[in-house]
Amino acid sequence: YTRGTVTAFSPFDARADAEALRKAMKGLGTDEETVLKILTSRNNAQRQEIASAFKTLFGRDLVDDLKSELTGKFETLMVSLMRPTYIFDAHALKHAIKGAGTNEKVLTEILASRTPEEVRNIKQVYLQEYEANLEDKITGETSGYFQRMLVVLLQANRDPDGRVDDGLVEQDAQVLFRAGELKWGTDEEKFITILGTRSVSHLRRVFDKYMTISGFQIEETIDRETSGDLEKLLLAVVKCVRSVPAYFAETLYYSMKGAGTDDDTLIRVMVSRSEIDLLDIRKELRKNFAKSLHQMIQKDTSGDYRKALLLLCGGDDE
């Protein structure tokens, strides 16, 4: 059961797809339309089968061919679609912590939104693919409470959802209230421990209780009492606890709102959520921002890049 816009294509014929792609990229000029139609309408597992058939039939690497035939954002999008699902996040993190400067935005988005099981998988794949320990890499590139919160999330030890204990809800809400609103300087550690380890259903109740006690949403306190990368990470965690699709709807909205488009974020979210919850994300965007994802993409992008994104998006929600 998935709330994705991309599902397995049927009837599927990996060889026929591989042949069509080869024909589209052979000789002078590329038939981009064929490339984007095939790759956006097959799910990731099927794309891997196409790549394997492509190599079998022509002795060529499909991703290398895409890279040499396509350019710009369209190329980035097609190559991202070809990345095996289980490698996608590990690859994004690897590039976020590579070379000069760290892309905190990517670390925040991925580690705040993935389930503990997904995080464990990312760590394992990272080790296999890059022969390096993800936690070591991240701690080497970050510092302070931001680093500590990332490390807590990387432990992937959030309590599983179960019966919620009212006493503990009350207690956590009081601790957060004292750490945030009542104290000069915030006790960041309390926020990190509670937000990073309690179960999702428990935290939702804590946020309600916090509102009752303080008269503020927890987001308002975080906003006032912390700043910079830590603030963004704590807010992302709170938003994902409330609703992962709503978090991604907001992420997509801000990637396209205003001047210029944050294409890296747009591509990363569209590709990584297309088989998981993009239908829900569209719904939340419509509800919370009175915008249709389809129309935002339509307005903010162009060419084959736009065509491919619109196909990934699926329908319009006007």
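In the nomenclature of an unreviewed UniProt entry, the chain corresponds to Annexin from the organism Phaetusa simplex.

**Some details on the nonpolar core**
Residues M78, L195 and M270 are the most contacted members of the largest nonpolar core, which totals 97 residues. No other element matches helix α15 (residues 228-242), which puts 9 residues into this core. Setting aside residues no more than four positions away along its own chain, L195 makes contact with M149, R158, L203, F207, I222, L234, V237 and V238.

**Looking at the packing of aromatic side chains**
Scanning the entire structure with this criterion turns up 7 aromatic pairs. Ring centres 5.2 Å apart and planes at 65° place the aromatic pair Y247 and F248 in the edge-to-face group. Assessed through its relative accessible area of 9%, Y247 is described here as buried. A residue is classified by how much of its surface remains accessible, and F248, at 0% relative accessible area, is buried. The interplanar angle of 85° and the centroid separation of 6.1 Å between the aromatic rings of Y254 and F289 together place this pair among those described as edge-to-face. In this pair, Y254 is assigned in helix α16 (residues 244-256) and F289 in helix α18 (residues 278-289), connecting sequence segments 35 residues apart.

**Side note on the side chain of D263**
In this fold, D263 is placed in helix α17 (residues 263-273). Assessed through its relative accessible area of 15%, D263 is described here as buried. Apart from the residues within four sequence positions on either side, D263 is in contact with K73 and Y305.

**What to know about the packing of helix α5 (residues 72-82) against α17**
It is at 10 Å that the axes of α5 and α17 come closest, and there the two elements cross at 30°. Judged by the angle between their axes, α5 and α17 are roughly parallel. In the packing of α5 onto α17, the handedness of the crossing is right-handed. Here α5 contributes K73, T76, L77, S80 and L81 to the contact with α17, which in turn contributes D263, I267 and V271. Here the contact of α5 with α17 is composed, by residue class, of 4 nonpolar, 2 polar and 2 charged.

**So, the environment of S52**
By the element assignment, S52 lies in helix α3 (residues 44-58). The spacing of S52 and A90 is 38 residues in sequence and 22 Å in space, taken between C-alpha atoms.

**Considering the environment of L195**
Position of L195 among the secondary structure elements: in helix α12 (residues 188-197). With 100 residues separating them in the primary sequence, L195 and H95 have C-alpha atoms 26 Å apart.

**Observations concerning the pattern of salt bridges**
A full pass over the atoms with the stated rule returns 20 salt bridges. Linking R205 and D166 is a salt bridge whose minimum nitrogen-to-oxygen distance equals 2.2 Å. With a gap of 39 residues between them, R205 in helix α13 (residues 200-214) and D166 in helix α11 (residues 166-180) connect regions that are remote in the sequence. With relative accessibility at 36%, the residue R205 sits in the partly exposed group. A salt bridge links R198 to D172, with the nearest nitrogen and oxygen atoms 2.6 Å apart. With a gap of 26 residues between them, R198 in the loop between α12 and α13 and D172 in helix α11 connect regions that are remote in the sequence. For the pair shown, R198 and D172 are each scored as buried. The network of salt bridges with common partners includes E33, K37, D304 and K307.

**Some details on the domain arrangement of the chain**
Each assigned domain of the chain is listed here: domain 1 (14-82), domain 2 (89-155), domain 3 (166-242) and domain 4 (244-313). Relative to domain 3, the C-alpha centre of domain 2 lies at a distance of 23 Å. With both chains or domains summed, domain 2 and domain 3 bury close to 1,100 Å², and 81% of this area falls on carbon and sulfur atoms. Linking domain 2 to domain 3 there are 1 salt bridge. The closest approach of N and O atoms between E189 and R148, which form a salt bridge, is 2.5 Å. Summed over the shared surface of domain 2 and domain 3, the number is 1 residue pair in polar contact (both at pLDDT 80 or more). With 7 residues, the top contributor of residues to the side of domain 2 that touches domain 3 is helix α10 (residues 144-155).

The rules behind these values
- Residues numbered from 1 in each chain as written.
- Predicted model: local features only at pLDDT ≥ 70, side-chain atom pairs only at ≥ 80, totals over all residues.
- Heavy atoms only, no water.
- Core = buried A, V, L, I, M, F, W, Y, C linked by side-chain atoms within 4.5 Å.
- Buried < 20%, exposed > 50% of the residue type's maximum accessible area, 1.4 Å probe, protein only.
- Helix = DSSP H or I, 4+ residues; strand = E, 2+ residues; numbered from the N terminus.
- Contact = heavy atoms within 4.5 Å.
- Phe/Tyr/Trp six-rings, centres within 6.5 Å; stacked < 30°, edge-to-face > 60°.
- Axes fitted to C-alpha atoms, helices over the stretch in contact; angles between N-to-C directions.
- Parallel < 35°, antiparallel > 145°, perpendicular 65-115°, else oblique.
- Left-handed = near helix turned anticlockwise from the far one by under 90°.
- Nonpolar A, V, L, I, M, F, W, Y, C, P; charged D, E, K, R; others polar.
- Salt bridge = Lys/Arg side-chain N within 4 Å of Asp/Glu carboxyl O.
- Domains from an automatic or database assignment.
- Buried area = accessible area lost by both parts, 1.4 Å probe.
- Polar contact = N/O pair within 3.5 Å; in protein donor to acceptor, adjacent residues only side chain to side chain.

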